[in-house]
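The residues making up each chain are set out below.
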Amino acid sequence: MLPLLATALSAALTLSACSTTEPEPEEGPPSDYVSFFWVEREIRVRTLDRMFTEGDPREIVASITDKKDRLLDTRIIQEDEGGYVVELDKDKWNTEAVHNLGQIDGALGDAMEFNEVTWCGETVTGEKFVEDYMDEFWENLDTSEEYTASIADYVDCGDGRP
C-alpha cells in the first residue's frame, strides 16, 4: 500500500511540474480602475465648487461645522480676496494634512449635508444631489475621464450622460 501511494504521489508531482501554470494576477486594481470613493469625492468637490459660484462661499464654509478646518488645511478650500474658492486640481491639495483620504471624504460629506443645491430645479441637500448621481451612474461608466465629463454635465443640471 505504501509503495502504491508513493508512486501515485510521484506521478502527481511529475504531472503538476509539467503542466502549464496561469500567470500570477497583477497586484492591485487594473490601471483603468475607478474607485467608488474617487467618483464620490469628485462629485462632491465639483458640487461644492458650484455651491460657491451660486451662493455665498462664506456662509457655505461656516455651515460645514468643525470639519471645515480639514478642507482648509488640505487646501481644498482656499481663502482669496473674494472669500473662498474650491481647488479642483487634486495635485495642489495638501493631503499630508490628514491621516487618510477618508477624513477628506468626511469633511466633503459634511459640506454636502449642511448645504443645498439650489440651481437645478427643486432645492435638495448637496448630499441628496450626490447620492442621486451615485445611484444613477456608479458602475455605469468605465474611466475617470467618462466620470469627470458626466459629473461636469450633471453639476451643470444636465442628465450626466457623457
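That block above? That's the structure.
A brief look at the structure comes next. (Residues numbered from 1 in each chain as written. Predicted model: local features only at pLDDT ≥ 70, side-chain atom pairs only at ≥ 80, totals over all residues. Heavy atoms only, no water.)

1. What about the packing of aromatic side chains?
Scanning the entire structure with this criterion turns up 7 aromatic pairs. With a centroid separation of 5.4 Å and 90 degrees between ring planes, the pair formed by Phe36 and Trp138 is classed as edge-to-face. Of the two residues, Phe36 sits in helix H2 (residues 36-54) while Trp138 sits in the loop between helix H6 (126-137) and helix H7 (144-155), which places them 102 residues apart along the sequence. (Phe/Tyr/Trp six-rings, centres within 6.5 Å; stacked < 30°, edge-to-face > 60°. Helix = DSSP H or I, 4+ residues; strand = E, 2+ residues; numbered from the N terminus.)

2. Some points on H6
Helix length check: H6, at 12 residues, gives a terminal C-alpha distance of 17 Å against a target of 16 Å (1.5 Å per residue), a fit within 8%. Buried residues in H6 make contact with H2, helix H5 (101-113), strand S3 (116-117), strand S4 (124-125) and H7. Positive phi shows up at Glu139, right after H6, with a value of about 70 degrees. (Expected span 1.5 Å × (residues − 1). Contact = heavy atoms within 4.5 Å.)

3. Notes on the nonpolar core
Ile43, Leu48, Phe52, Leu71, Ile77 and Tyr133 are the most contacted members of the largest nonpolar core, which has 35 residues in total. Listed by contribution, the elements that provide at least two residues to this core are H2, helix H3 (57-63), strand S2 (83-86), H5, H6 and H7. Not counting residues within four places of it along the chain, the set of residues in contact with Ile77 comprises Leu48, Phe52, Val61, Ile64, Leu71, Leu72, Tyr84 and Val85. (Core = buried A, V, L, I, M, F, W, Y, C linked by side-chain atoms within 4.5 Å. Buried < 20%, exposed > 50% of the residue type's maximum accessible area, 1.4 Å probe, protein only.)

4. With respect to the state of the cysteines
Applying the stated criterion across every chain, the model contains 1 disulfide. Each disulfide pairs two cysteine sulfurs, and for Cys120 the partner residue is Cys157, the sulfurs being separated by 1.9 Å. Between Cys120 and Cys157 the sulfur-sulfur dihedral comes to about -95 degrees; the bridge is accordingly left-handed. Separated by 37 residues along the polypeptide, Cys120 in the loop between S3 and S4 and Cys157 in the segment after H7 bring together distant segments of the chain. A relative accessible area of 36% means that Cys157 is categorised as partly exposed. (Disulfide = S-S within 2.5 Å.)

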